[in-house]
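# Understanding the architecture of this molecule
Take a look at the letters that make up each chain.
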Amino acid sequence: MRRLVWFTLGFAAACFVGTYLAPGLWALLGAACAGFLAGGLAVRRYRGNVAAVAALCSLGLAVGLLWFCLYDGVFLQSAKEADGKTMPLELRILEYPVETDSGYSVEGAVSLNGRAYRTRLYFQEIEGVPEPGDRIRATVQLRLTTHGGSREPTYHRSAGIFLLAYARDSVTLLEGARSFWDFPVAFGRKVSRQLDAVFPEDAAGFAKALLLGDRGGLSYARQNEMSLAGISHVAAVSGMHLSILLAGLFFLTRRHRVFSAVLGIPAAVFFAAMAGFTPSVSRAAVMLSLSLLARLIHREYDSPSALAFAALLLLLANPMTAASAGFQLSVGAVAGILCFSGRLYAWMMKKEKKSGKSRRIKMKRALAGSLAVSLGASVFTAPLTAWTFGVVSLLSPLTNLLTLWAVSLAFYCEIAACVLYAFWQPAAMAAGWCGTQLIRLIIAVSGCLGRLPGAGIFPEENVYLWAWVWFAPALLGVFLAGRCRGKRIFALGLTGCLLLSIFLGFLEPGGEQFRVTVLDVGQGQCVLLQTEGKTYVVDCGGSEGEGAGEKAARHLLSQGKTQIEGLILTHFDEDHVSGAAQLMRRIQVDRLYMPRQPEHEDCAALAEMAGERAFFVEEDVCISLEQAQMWIFAPLSRTSSNESGLSVLFTAGECDTLITGDMSRNLERRLIASHHLPDIEILVAGHHGSKSSTGLELLMALRPEAVAVSVGQNAYGHPSPEMLDRAVRAGCRIFRTDQSGTLVFRG
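Below is a summary of the structure that appears in this document. Everything numeric here is computed off the predicted structure, so don't read it as measured data. (Residues numbered from 1 in each chain as written. Predicted model: local features only at pLDDT ≥ 70, side-chain atom pairs only at ≥ 80, totals over all residues. Heavy atoms only, no water.)

### Description of the overall build of the protein chain
- Looking only at helices and strands, the protein chain has 25 helices and 25 strands in total.
- Taken over C-alpha atoms, the radius of gyration comes to 29 Å for the protein chain, in line with the 27 Å a tight globule of 747 residues would show.
- Along the first, second and third principal axes, the C-alpha atoms of the protein chain reach 85 × 70 × 65 Å.
- Out of the 747 residues in the protein chain, the part that is buried amounts to 52%.
- Once local pairs closer than 6 in sequence are excluded, the contacts in the protein chain between residues at least 24 apart make up 69%.
- For the protein chain, the exposed surface amounts to about 34900 Å²; the carbon and sulfur share of it is 60%.
- Averaging the coordinates of the 68 positive side-chain charges in the protein chain and doing the same for the 61 negative ones gives two points 18 Å apart. (Helix = DSSP H or I, 4+ residues; strand = E, 2+ residues; numbered from the N terminus. Rg over C-alpha atoms; globule rule 2.2 N^0.38 Å. Buried < 20%, exposed > 50% of the residue type's maximum accessible area, 1.4 Å probe, protein only. Contact = heavy atoms within 4.5 Å. Areas by Shrake-Rupley, 256 points an atom, 1.4 Å probe, with all protein chains shown as cover. Lys, Arg positive; Asp, Glu negative; His and termini not counted. Charge placed at Lys NZ, Arg CZ, Asp CG, Glu CD.)

### Quick notes on empty space enclosed by the protein
- One pass over the structure, following the stated rule, counts 1 cavity of 30 Å³ or more.
- Quantified by volume, the largest cavity comes out at close to 50 Å³.
- Lining the largest cavity are Leu-89, Glu-90, Leu-91, Val-110, Leu-121, Ile-136, Ala-138, Val-140 and Ala-165.
- Of all the elements in the fold, those that place two or more residues in the lining of the largest cavity are β1 (86-93) and β5 (135-144). (1 Å grid on protein atoms, 1.4 Å probe; cavity = no way out; pocket = protein on both sides within 12 Å on 5 of 7 lines; lining within 4 Å. Points joined across faces, edges and corners; volume = space filled by probe spheres on them.)

### Details of the sheet that holds strand β19 (residues 628-633)
- If you walk across this open sheet you meet the 7 strands as β18-β19-β20-β21-β22-β23-β24, and the pairing is mixed. With one partner strand each, in any of the chains shown, β18 (621-625) and β24 (733-736) form the two edges of the open sheet. Going across the sheet, the axis of each strand differs from the next one's by a mean of 15 degrees, ignoring polarity.
- Judged from the 3 bridges that link them, strand β22 (residues 682-684) and strand β23 (residues 706-709) form a sheet pairing that is parallel. Among the inter-strand pairings, Leu-683 is bridged to a residue of β23, identified as Val-707. (Pairing = 2+ DSSP bridges. Axes fitted to C-alpha atoms, helices over the stretch in contact; angles between N-to-C directions.)

### Section: the environment of Glu-460
- The residue Glu-460 is located in the loop between β9 (456-457) and α16 (463-481) in this model.
- Spatially, the C-alpha atom of Glu-460 lies 39 Å from that of Asn-666, the residues being 206 residues apart in sequence.
- In this view, Glu-460 contacts Gly-390, Trp-466 and Lys-551; residues no more than four positions away in its chain are not counted.

### A few points about helix α10 (residues 279-296)
- Between its first and last C-alpha, α10 extends 26 Å over 18 residues, near the 26 Å set by a 1.5 Å rise per residue.
- Of all 18 residues that make up α10, 14 are buried, and the element is covered over most of its length.
- In the stretch just after α10, His-298 is the one whose phi turns positive, near 60 degrees. (Expected span 1.5 Å × (residues − 1).)

### Notes on the layout of surface pockets
- Of the voids in this model, the second largest pocket is the one considered here, and its volume is about 780 Å³.
- Along the walls of the second largest pocket sit 21 residues, with Val-5, Leu-9, Leu-307, Val-331 and Ala-335 positioned nearest its centre.
- Class assignment for the residues of the lining of the second largest pocket results in 17 nonpolar, 3 polar and 1 charged. (Nonpolar A, V, L, I, M, F, W, Y, C, P; charged D, E, K, R; others polar.)

### Some remarks on the environment of Pro-266
- Looking at where Pro-266 falls in the secondary structure, it is placed in helix α9 (residues 257-274).
- Note on Pro-266: relative accessible area 45%, which makes it partly exposed.
- Taking the C-alpha atoms as reference points, Pro-266 and Asp-679, 413 residues apart in sequence, are found 72 Å from one another.

### Re the packing of helix α5 (residues 182-198) against helix α6 (residues 201-212)
- Across the interface, α5 lies against α6 with an axial gap of 9 Å and an inter-helix angle of 150 degrees. Of the possible angle classes, the one that applies to α5 and α6 is roughly antiparallel. Handedness of the crossing formed by α5 with α6: right-handed. In this structure, α5 uses Gly-188, Val-191, Ser-192, Leu-195 and Asp-196 to contact α6, whose residues at the interface are Ala-204, Ala-207, Lys-208, Leu-211 and Leu-212.
- For the contact of α5 with α6, the per-class residue count stands at 6 nonpolar, 2 polar and 2 charged. (Parallel < 35°, antiparallel > 145°, perpendicular 65-115°, else oblique. Left-handed = near helix turned anticlockwise from the far one by under 90°.)

### Concerning the sheet that holds strand β12 (residues 534-541)
- Here we have 7 strands laid out as an open sheet, ordered β17-β16-β14-β12-β11-β10-β25, and mixed in their pairing. At either end of the open sheet lies a strand with only one pairing partner, and these are β17 (614-616) and β25 (743-746). Put simply, the sheet's adjacent strands are angled 15 degrees from each other on average, direction ignored.
- The pairing of strand β16 (residues 592-594) with β17 spans 3 bridges and is parallel. Counterpart to Leu-592 in the pairing with β17 is Ala-614.
- Across the sheet, helix α18 (residues 547-557) lies against β10 (514-518), β11 (525-531) and β12, angled at about 160 degrees from β12, the strand it touches most.
- Helix-sheet contacts for helix α21 (residues 601-610) involve β16 and β17, and the interaxial angle to β16 is about 160 degrees.

### Let's talk about the pattern of salt bridges
- Within this structure, the stated rule accounts for 18 salt bridges.
- The partner of Glu-461 in a salt bridge is Lys-551, with the nearest N and O atoms 3.4 Å apart. Note that Glu-461 is positioned in the loop between β9 and α16 and Lys-551 in helix α18, a separation of 90 residues in sequence.
- In this structure, the salt-bridge partner of Arg-596 is Glu-618, at a minimum N-O distance of 3.1 Å. Taken as a pair, Arg-596 in the loop between β16 and α21 and Glu-618 in the loop between β17 and β18 lie far apart in primary sequence, 22 residues in all.
- Overall, the relative accessible area of 40% leaves Arg-596 in the partly exposed class.
- Given a relative accessible area of 49%, Glu-618 falls into the partly exposed group.
- Bridged by salt links that share partners, the residues Glu-90, Arg-135 and Arg-137 form one connected network. (Salt bridge = Lys/Arg side-chain N within 4 Å of Asp/Glu carboxyl O.)

The following block contains the structure:
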């Protein structure tokens, strides 16, 4: 059976190649045929050695490429032909609708040329309450989510959603027939409502995330704290949840193999269906079912083979599942545990007697077991987490040790509360009260640890940490594969390399006279102005909402900065202030500068959050920074939010930087006329490169050497061709965050 592991490894590699690189199908097909022949011949010739492993991997790679070609070229053909077309369609609803920034979206299935495709429909409004099984009829424009369409692929493909549909007129709701698979979704909605009724507001969001994987009730700040503390997996239904469920079933059935299988397998499938068959919970459900079946028929359960079978099953159903972060982390965590946790545990307990029964020995075993599982899972998941989410938690083993027992008990309390709610509500409320106390404990511990400055490291913001993130798991793997000698030297070496990487990140900006950083926050703006050890942030908002503030905080923390001198908000549009509150939660801000715009809710909310540190700029402010200087120019108009904003001039050494916010060309002319502005080296393009800003008069008057455009994917046409043409005519070099990522100017 271990041959399946190597075959699946090659098959998965093929799916990665097809999903991410997407070369021509003919090239994939040719490689598949050649690899199939070579692998098949090698498997027949070599047995039981390294060559056999290589042959099995080659065979899996070839079969995977062939399968990807068939899936992409045959099954998805009708979806590709529909890309960009506007047509009437009928969608069968599979999930409940969710609210978006511009309306609603719902997941369903549409039929094209006899093939059913999972589709996400976006619409404005609808009469009635859509339920799973109902149908929606509308005229829609379709967009392909995979390679081969007119636009870039999206993350939806990894979830099996191959089309996005945008309603072009009103939508009609039609009552449909319910199927068996609609019941778990409806049951999950009922459970969600019961949890809202049983748990108080401060615990209900976490309760729904723990039991259903629904993070909608968790604030961004709380989710971020959980991520930094290393327990974000608790809020995403995965193998851990099914393991807790299985442990409860074993307790109820007294580990009876028949009853455990008869109850456990349907429960695992139903639980996975209720969670939406996400890759992580589907993988866990398959492995759990295989383990119960093995006990039922008195066969040995081989965990690596079960993991390979589960991964192969998911990739056969959808080869593009390879792009799913949940799939990668779930498989990577289990693979790390299987490969390294046993050796880590043996290493930690090497000097202890196996037969020891003292309390000290028992506690050490429990501690070693928890640390071994957590560290083993991190071998493969740490680089994946760093690559996908830009963070690696250093406190994950400690947080898991302190909270996982409470997570298990809270999980059981929630199940008990939901069961009792239908029979005796006072008992359900009692179970909910117990679960609430446990949830509050988990939130308190993860919050305290997640708020520590050293809770996590951010490789995206420190290139030296990237080297450590890849070096540490590789070194740990090599160390455990050997005889595990010199553990003190090994631990000191890893810790020393980490501290050196962090220290080098702290030192990097120290020798510079100034640094101007235009962060890549998507469609928004966040600019860091740094000189002489002082830091000011101008605006903090973007298409990721509060994520813009977290992006700025991580960048500053990677430089060793837990405090900044000032946060300057030019105006209160979401793409300029949506991350300000999160930045202020994470970094101490000595002074908040902003215009007085009482019509905006954010103005009052941020002023209240800053308290005495808030300062409303109603006339020009000059901030002297020894050998540098900063001017904050008061609003020049009160006609609109954009026109009543601030602008900033930053002078350090021979470099002058001007930031105009969303100022229009008319107001730019007034700024030139009313202020004595020097020639500018760096100009941050107004209004993200809109044609109504960064006028030719401003460019010709200030002669900037570089124009930095803070922009992301948007529907406004930013940056506009007119603005880009004006900048070229003025002799400016143009830098864009949507093309180059974060821009750093230094001197």
